[in-house]
Amino acid sequence: MKKITLALVISKPGHLRNGLQSLLRTVPQIEIIAESQDPSVLLKMREEIHPELIFIDANILDEENWHAITKLKGEWPHTKILILTENDQQGQRAKDAGADLILPKGFPAAELVNLIEDSLIPGARGET
């Protein structure tokens, strides 16, 4: 049975989340886009709900959520985590947590689509 490709967007409702959802709809590999405004969903994830791609707005993360990202990357190393940041401090926290991509808000959408597509293709970044 073919595995369904799921992307999860964790951000407050608004322009950012709407824009990310629109952008993700253009990526042919993604079949389902889920959303949450509560980053604690990271602590509740189980194997039944295993996204291949997680987008997170760093502005809504607290200490517990940063640790959840680290734990999630340890359990599911092939899940790609992209964190949108506003400053160098958030960028460093994202790097320390194990994010695959750290993107400043305002990153060009066309480049972002290419990064997403590349990250979802097995072998594109040395994966199997």
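Preceding this section is the structure that the text describes.
In this text, all values refer to a predicted model and were calculated from it rather than measured experimentally.

Criteria and thresholds
Residues numbered from 1 in each chain as written. Predicted model: local features only at pLDDT ≥ 70, side-chain atom pairs only at ≥ 80, totals over all residues. Heavy atoms only, no water. Helix = DSSP H or I, 4+ residues; strand = E, 2+ residues; numbered from the N terminus. Buried < 20%, exposed > 50% of the residue type's maximum accessible area, 1.4 Å probe, protein only. Contact = heavy atoms within 4.5 Å. Arc of directions from axis to C-beta. Polar contact = N/O pair within 3.5 Å; in protein donor to acceptor, adjacent residues only side chain to side chain. Salt bridge = Lys/Arg side-chain N within 4 Å of Asp/Glu carboxyl O.

### Describing the overall build of the protein
So, point 1. Scanning the protein from N- to C-terminus turns up five helices and five strands.
So, point 2. Each helix and strand of the protein, ordered N terminal to C terminal, gives the series β-α-β-α-β-α-β-α-β-α.
So, point 3. The buried share of the protein, reckoned over its 128 residues, is 45%.
So, point 4. A fraction of 67% describes how many contacts in the protein between residues 6 or more apart in sequence connect residues 24 or more apart.

### Comments concerning helix 4 (residues 88-97)
So, point 1. Residues of helix 4 that are buried: Gln90, Gly91, Ala94 and Ala97. For helix 4, the angular spread of the buried residues around the axis is 130 degrees, confining them to a single face. In helix 4, the exposed positions that point more than 90 degrees away from the buried face belong to Asp88, Gln89, Lys95 and Asp96.
So, point 2. One side-chain oxygen of the residue at the start of helix 4 lies 3.1 Å from the amide nitrogen of Gln89, identifying that residue as Asn87.

### Observations concerning the side chain of Gln21
So, point 1. With respect to the helices and strands, Gln21 occurs in helix 1 (residues 15-25).
So, point 2. Setting aside chain neighbours within four positions, we find Gln21 in contact with Ile33 and Glu35.

### A look at the environment of Leu20
So, point 1. Take Leu20: it is sitting in helix 1.
So, point 2. The class for Leu20 is buried, based on a relative accessible area of 7%.
So, point 3. Along the primary structure Leu20 and Leu112 are separated by 92 residues, whereas in three dimensions their C-alpha atoms are 10.0 Å apart.
So, point 4. Here Leu20 is in contact with Val9, Phe55, Leu84 and Leu112, once residues within four sequence places are set aside.

### Considering the pattern of salt bridges
So, point 1. On inspection of all chains with the given rule, the structure shows six salt bridges.
So, point 2. Residue Arg93 is joined to Glu63 by a salt bridge in which the shortest nitrogen-to-oxygen separation is 3.2 Å. Of the two residues, Arg93 is situated in helix 4 and Glu63 in helix 3 (residues 63-75); the sequence distance between them amounts to 30 residues.
So, point 3. Taking the relative accessible area as the measure of exposure, Arg93 reaches 28% and is therefore partly exposed.
So, point 4. Given the relative accessible area of 43%, Glu63 is considered partly exposed.
So, point 5. Notably, a salt bridge pairs Lys105 with Glu86, separated by 3.2 Å at the nearest N-O pair. Note that Lys105 is positioned in the loop between strand 5 (101-104) and helix 5 (109-120) and Glu86 in the loop between strand 4 (80-85) and helix 4, a separation of 19 residues in sequence.
So, point 6. Judged by relative accessible area, which is 31%, Lys105 ranks as partly exposed.
So, point 7. One network of salt bridges, in which partners are shared, links Asp57, Glu86 and Lys105.

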